Every structure is written in C-alpha cells, then in structure tokens.
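Letter by letter, the chains look like this.
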Amino acid sequence: MKKISFRNDVLPLKNELYRLALRITLNHAEAEDVVQETMIKVWNRRDRWDELESIEAFCLTICRNIAIDKTKKAENQNQSLMDEHDSPDSSYTSNPEEQAMQQDRIALIRRLIDTLPEKQRSCMQLRDFEGKSYKEIATILDISEEQVKINIFRARQTIKQKYIVTEKYGL
C-alpha cells in the first residue's frame, strides 16, 4: 500500500472538494468552511490512512457528509452558482448577442441543477463535472453503482425537460 502524504495526496484535492461542497451547499462561504472542516477531519484521522483504499474517496465522502449536515442545519437558500467571474465561452459565438444568450443558457442550466434533489445533484456533479467513474461515485456516496446510474439519468432527464419547458415558454 502507498504511503499517504497530506501535502502531496490530500491538499491537491481542495479544489475538487470545494466544487463538491459548493454543489451541495450552493454557497461559496459555506463551501469554503466545509473544505476547511474536511481537511481538519482528514488530518485528525491520519492514523487510519494506511487502511484506506482511496484517500480521494475518503476525503470526498467526509466533504459530502459535512456539506449535507451544514445544509440540513442551515435554512437552505437557493442561490445560483453563477459566479461574477463566469463568462461565456466565446469560441462558440461570434457576436455579443449570441454570447449573452449562451451566458443566459448556462445560468439557466445551473439554476435547474440547483433545484435537483441532493443525491441527483451530487451524482451529476461527480460524474459530469468531476469526471468520476460510477464505481468511484458509488463509493463516495455510499450507494450502489446502479443507484448512481439511475440518479444521473433522472437528473439529466429532469434538467432536459425543465430546460425545454423554460425555453419554450420563457422564465
């Protein structure tokens, strides 16, 4: 088994942990707090690192659990994930009107993702945004691979249906 180093194996996961926490909490400050608490918990459990199959799965599981706990305790404020630094991808568009339309579509999809149930949102985040395998997601979320596939399918179907309705009838 590989010797795990906090600096080389855990700290590089902070951005991935942040994205997962942000997807669950929907709040930048809360997500930062979740990552900090995750790092502390992982460090405090360093005596058990040798027993782990995957330090990444261990960290993501702790992060997810802390984020869910914080979300349940706090009054869930549905804020958009749209960051003031997000900008449309100009490679797909040629004029400002098309860029603005693309930015609106991205914001709409993010709002629709925010409305998904937590498990579907987490599965979608880990698969579509983090590129995790079904097996890794199942380990992180402590569910079966089949449940992961079902949650991702349902999340995508819900987003697709809501997007079509919204685009057809407007907001």
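This text goes with the structure placed above it.
About the cut-offs
Residues numbered from 1 in each chain as written. Predicted model: local features only at pLDDT ≥ 70, side-chain atom pairs only at ≥ 80, totals over all residues. Heavy atoms only, no water. Core = buried A, V, L, I, M, F, W, Y, C linked by side-chain atoms within 4.5 Å. Buried < 20%, exposed > 50% of the residue type's maximum accessible area, 1.4 Å probe, protein only. Helix = DSSP H or I, 4+ residues; strand = E, 2+ residues; numbered from the N terminus. Contact = heavy atoms within 4.5 Å. Salt bridge = Lys/Arg side-chain N within 4 Å of Asp/Glu carboxyl O.

Undergrad: Looking at this structure, how should I read the nonpolar core?
TA: As a rule of thumb, nonpolar side chains are buried together in soluble globular proteins. Val 10, Leu 17, Val 42, Trp 49 and Ile 55 are the most contacted members of the largest nonpolar core, which totals 35 residues. When residues of this core are traced back to their parent elements, those giving at least two are helix H1 (6–10), helix H2 (14–25), helix H3 (28–44), helix H4 (55–73), helix H6 (118–129), helix H7 (134–141) and helix H8 (145–169). For this core, the element with the most residues is H4, which contributes ten residues. Excluding residues that lie within four positions of it along the chain, Trp 49 makes contacts with Ile 4, Ser 5, Phe 6, Val 10, Val 42, Trp 43, Ile 55 and Phe 58. Membership of the second largest hydrophobic core comes to eight residues, among which are Leu 108, Leu 116, Ala 155 and Ile 159.

Undergrad: How should the pattern of salt bridges be read in this particular structure?
TA: Charged atoms that come close allow side chains of opposite charge to pair. Scanning the model with the defined rule gives seven salt bridges in all. Between Lys 132 and Glu 56 there is a salt bridge; the shortest N-O distance is 2.1 Å. In this pair, Lys 132 sits in the loop between H6 and H7 while Glu 56 sits in helix H4, placing the two residues 76 residues apart along the sequence. For the salt bridge of Arg 64 with Glu 118, the shortest nitrogen-to-oxygen distance reads 3.8 Å. In this pair, Arg 64 sits in helix H4 while Glu 118 sits in helix H6, placing the two residues 54 residues apart along the sequence. For Arg 64, a relative accessible area of 9% puts it in the buried group. Linked by salt bridges that have partners in common, Glu 16, Glu 56 and Lys 132 make up one network.

Worth remembering: the numbers are spatial, not functional.
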